[in-house]
Amino acid sequence: MLLRVPEPYDFHLSTVRFRDFGSDGATVWHDGGLHRVVGGREVRVTPVDGGLAIEPWSEEAVHEIGLMLGLPFDLDAFRAGATDPVLARIVESLAGFRPTLNPQPFEALVVAITTQQISLRAAAAIRGNLVRTYGTRHDVAYAFPTREQIRELRPRHFTPLGFSRAKAEYVLELAHSQLDFGELEDLDDDDVIAAITSVRGLGRWTADWYLARHLARPHAWPAGDLGVRKAVSSFYAEGSTLSIQEVRRMSERFAPFENLTAQFLLAGARMAG
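Chemist: Mind showing me how you'd approach the pattern of salt bridges here?
Modeler: Should the charged atoms of two oppositely charged side chains come close, the side chains can pair. Tallied over the entire structure, the rule returns eleven salt bridges. Note that Glu169 is salt-bridged to Arg165, the shortest N-O span being 2.9 Å. Here Glu169 and its partner Arg165 are both found in helix H10 (residues 165-176), four residues apart, which amounts to about one turn of the helix. Accessibility expressed as a relative area gives 22% for Glu169, which makes it partly exposed. Between Arg200 and Glu173 there is a salt bridge, and its shortest N-O distance comes to 3.1 Å.

This is the structure we're talking about:
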């Protein structure tokens, strides 16, 4: 059985982040495929004619892997609507690219916390220490520690893993918070931002990326992200550094596809670099 992905689709191009930025042990590139633990079983995802093979196959695995590989995105509508000439050239150069998502809400927010103000590779390294220490090992991949498992920890458990004291406290604040991830799915963007930023250590940047890379909200526009600012500045300001406010105001230019625009600008900047 196959998981069909709308064409054009380039599995290697779309999953480059899992190789270029290092693995945290929860989603692992190994021997030409992606490995991830879903429902207590490790699954392997590989490209085959007509789609993707998921082994072992289950409805739960198909659902989670489909989310992870960005199936909620309507790329046909985006490509048709990407009339901005600069963006159109980037989209054309990235034929087959489909942005990925983090399918698990708690994991998505922990990922965001670990990437605050450090490189993605450094963040993956310290997160990998957490996953390999407190997650459940399978064959190649580990199950990401659950919210309940993290609640049992204290800041002193995080610092040997490379976490700053502040980030350790933020992860614990999240684990003990009253955030209901199911309820967040039903809120509009502004209310999601308000709910997430009510937790200490989770700011607008974290909320924007949660909207973008977990909920796949079309209008998510992480203007405060340094990578997004650099990409927008490079493509639209001849390299002059734009402020967060200037980048945020540019979102209207790309409506109603702000999220996909940000993802493609980031990918385009990586290829250009």
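Chemist: Help me understand the pairing of strand S3 (residues 33-38) in this model?
Modeler: Side-chain direction in a regular strand flips from residue to residue, so the side chains alternate between the two faces of the sheet. The buried fraction of S3 amounts to six of the six residues, a majority that puts the element mostly inside the structure. Every second residue of S3 is oriented toward a common face, with Gly33, His35 and Val37 on one face and Leu34, Arg36 and Val38 on the other, all of them buried. Examined bridge by bridge, strand S2 (residues 27-30) and S3 share four bridges and lie antiparallel to one another. Each residue of the ladder has a partner; that of Val28, found in S3, is His35. The antiparallel pairing of S2 with S3 creates a hairpin that spans two residues between the two strands, and Asp31 there sits at a positive phi of about 55°. With five bridges connecting them, S3 and strand S4 (residues 41-48) associate as antiparallel partners. From the neighbouring strand, Leu34 faces S4, where its bridge partner is Val45.

Chemist: Which parts of the structure should I look at to understand the side chain of Asn102?
Modeler: Within the secondary structure, Asn102 sits in the loop between helix H5 (85-93) and helix H6 (105-114). If sequence neighbours within four positions are ignored, Asn102 has contacts with Arg36, Glu107, Ala108, Val111, Arg213 and His214.

Chemist: Please clarify how the sheet that holds strand S5 (residues 51-55) should be interpreted in this entry.
Modeler: Sheet strands pair by backbone hydrogen bonding; their relative direction is either parallel or antiparallel. One open sheet accounts for five strands, arranged S1-S5-S4-S3-S2; its pairing is antiparallel. With one partner strand each, in any of the chains shown, strand S1 (2-3) and S2 form the two edges of the open sheet. Lying over the sheet, helix H3 (residues 59-68) contacts S1, S2, S3, S4 and S5, oriented at roughly 125° with respect to S3.

Chemist: Honestly, the environment of Leu187 in this entry has me stumped. Any pointers?
Modeler: Position of Leu187 among the secondary structure elements: in the loop between helix H11 (181-185) and helix H12 (189-197). Measuring from C-alpha to C-alpha, the distance between Leu187 and Val28 comes to 32 Å, with 159 residues separating the pair along the chain. If we ignore the near neighbours within four places in the chain, the residues touching Leu187 are Val192 and Arg217.

Chemist: What is the right way to read the nonpolar core from this model?
Modeler: Most often, soluble globular proteins have nonpolar side chains that are buried together. Among the nonpolar cores identified, the biggest contains 68 residues, and Ile150, Phe158, Leu174, Tyr210, Val232 and Phe264 are the most heavily contacted of them. Among all residues touching Tyr210, those that are not within four sequence positions of it are Pro105, Ala108, Leu109, Phe181, Leu184, Val192, Ile196 and Leu215. With 16 residues, the next largest nonpolar core counts Phe18, Leu34, Val43 and Ile54 among its residues.

Chemist: Could you clarify how one ought to interpret the packing of aromatic side chains in this entry?
Modeler: Think of a pair of aromatic rings as described by two things: how far the centres are apart, and how the planes are tilted against each other in angle. Under the definition given, this model contains seven aromatic pairs. Look at Phe78 and Phe257: their rings are 5.7 Å apart centre to centre, the planes differ by 70°, and that puts the pair in the edge-to-face class. Of the two residues, Phe78 sits in helix H4 (residues 75-81) while Phe257 sits in the loop between helix H16 (251-254) and helix H17 (258-272), which places them 179 residues apart along the sequence. An angle of 80° between the planes, with centres 5.0 Å apart, marks the rings of Phe97 and Phe264 as edge-to-face. With Phe97 in the loop between H5 and H6 and Phe264 in helix H17, this residue pair connects regions lying 167 residues apart in the sequence. Of the two residues, Phe97 and Phe264, neither departs from the other in class, the shared state being buried. One aromatic cluster in this structure is built from Phe78, Phe97, Phe257 and Phe264. Cation over ring: Arg19 sits above Trp29, and NZ or CZ is 4.4 Å from the ring centre. Sitting over the ring of Trp209, Arg213 keeps its end group 4.2 Å from the ring centre.

The rules behind the values
- Residues numbered from 1 in each chain as written.
- Predicted model: local features only at pLDDT ≥ 70, side-chain atom pairs only at ≥ 80, totals over all residues.
- Heavy atoms only, no water.
- Salt bridge = Lys/Arg side-chain N within 4 Å of Asp/Glu carboxyl O.
- Helix = DSSP H or I, 4+ residues; strand = E, 2+ residues; numbered from the N terminus.
- Buried < 20%, exposed > 50% of the residue type's maximum accessible area, 1.4 Å probe, protein only.
- Pairing = 2+ DSSP bridges.
- Contact = heavy atoms within 4.5 Å.
- Axes fitted to C-alpha atoms, helices over the stretch in contact; angles between N-to-C directions.
- Core = buried A, V, L, I, M, F, W, Y, C linked by side-chain atoms within 4.5 Å.
- Phe/Tyr/Trp six-rings, centres within 6.5 Å; stacked < 30°, edge-to-face > 60°.
- Lys NZ or Arg CZ within 6 Å of the ring centre and 35° of its normal.

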